[in-house]
Amino acid sequence: MALITRSERRAWALLPLRTFLAVVYLDGGISKIADPRFLNGSSPLSMHASVLAARGSSPVGGLLGPVQAHSFGFGVFFAAAELAVGLGLALGLFARVAAAGGMLLALSLWL
């Protein structure tokens, strides 16, 4: 009978959290890509409209000028980054790098 090591127990304990975060990030990325309004600058549900709304209330609102000017490119980047984080967490590939990327994405969306 093989003994389960501490690191294996930790990996199994973190599996539900990794699975949940993978589903959240994959859903976010897929929904951004699947919704044509997200990248349409004239839509009230677009990345551009979201940046305009957040610019006045965000603590980093002054830094959002380039994001507002290039909202299509940033929208594609955010969707691809969410998909990459979700796939990395779901497949266990570079899980720590994916988790760090997810943390940066969450922080940028929060600010």
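All values derive from a computational prediction rather than experimental measurement.

Once that is clear, we can look at the pattern of salt bridges. Taken as a whole, this structure holds two salt bridges when the rule is applied. Residues Lys32 and Glu82 are paired through a salt bridge, measuring 3.2 Å at the closest nitrogen-oxygen approach. Here the residue Lys32 occupies a position in helix α1 (residues 6-34), and Glu82 occupies one in helix α4 (residues 71-91), the gap between them amounting to 50 residues. Glu82 matches Lys32 in its accessibility class, with the two residues each being buried. Between Asp35 and Arg37 there is a salt bridge; the shortest N-O distance is 3.0 Å.

Buried together is how nonpolar side chains tend to be arranged in soluble globular proteins. In this structure, Met47, Val51, Val67, Val85, Leu89 and Leu105 are the most contacted members of the largest nonpolar core, which totals 13 residues. Mapped by element, the contributors of at least two residues to this core are α1, α2 (47-55), α4 and α5 (95-110). Here this core gets four residues from one element, more than from any other, and that element is α4. When near neighbours in sequence (up to four residues on either side) are disregarded, Val67 contacts Met47, Val51 and Phe74.

This part covers unusual backbone geometry. Unusually for a residue other than glycine, Phe94 sits at a positive phi of about 50°. One can find Phe94 in the loop between α4 and α5.

This part covers the side chain of Glu82. Owing to a relative accessible area of 5%, Glu82 belongs among the buried residues under this scheme. At 3.2 Å, the side chain of Glu82 forms a polar contact with the side chain of Lys32. Apart from the residues lying within four places of it in its own chain, the contact partners of Glu82 are Tyr25, Leu26, Gly28, Gly29, Lys32, Leu105 and Leu109.

The rules behind the values
All chains use their own residue numbering, which begins from 1 and follows the written sequence. Totals for whole chains, interfaces and linings use all residues, but because this is a predicted model, local features are given only for residues with pLDDT of at least 70 and pairs of side-chain atoms are given and counted only at 80 or more. As a convention, hydrogens and water are excluded, and side-chain values are obtained from all of the structure's heavy atoms. Here, a salt bridge means any Lys or Arg side-chain nitrogen found within 4 Å of an Asp or Glu carboxyl oxygen. The secondary structure listing takes helices from DSSP runs of H or I that are at least 4 residues long and strands from runs of E that are at least 2 residues long, numbered from the N terminus. Note on exposure labels: buried denotes an accessible area under 20% of the residue type's maximum, exposed denotes more than 50%, and partly exposed covers the range between, all computed with a 1.4 Å probe on protein chains only. Only buried residues count toward a nonpolar core. Its members are Ala, Val, Leu, Ile, Met, Phe, Trp, Tyr and Cys residues joined through side-chain atoms within 4.5 Å. The contact criterion used throughout is that any non-hydrogen atoms of two residues lie within 4.5 Å. Side-chain atoms alone can form a polar contact between residues adjacent in sequence; in general such a contact is a pair of N or O atoms within 3.5 Å, and within protein one must be able to donate a hydrogen while the other accepts it.

None of this, on its own, says anything about what the molecule does.
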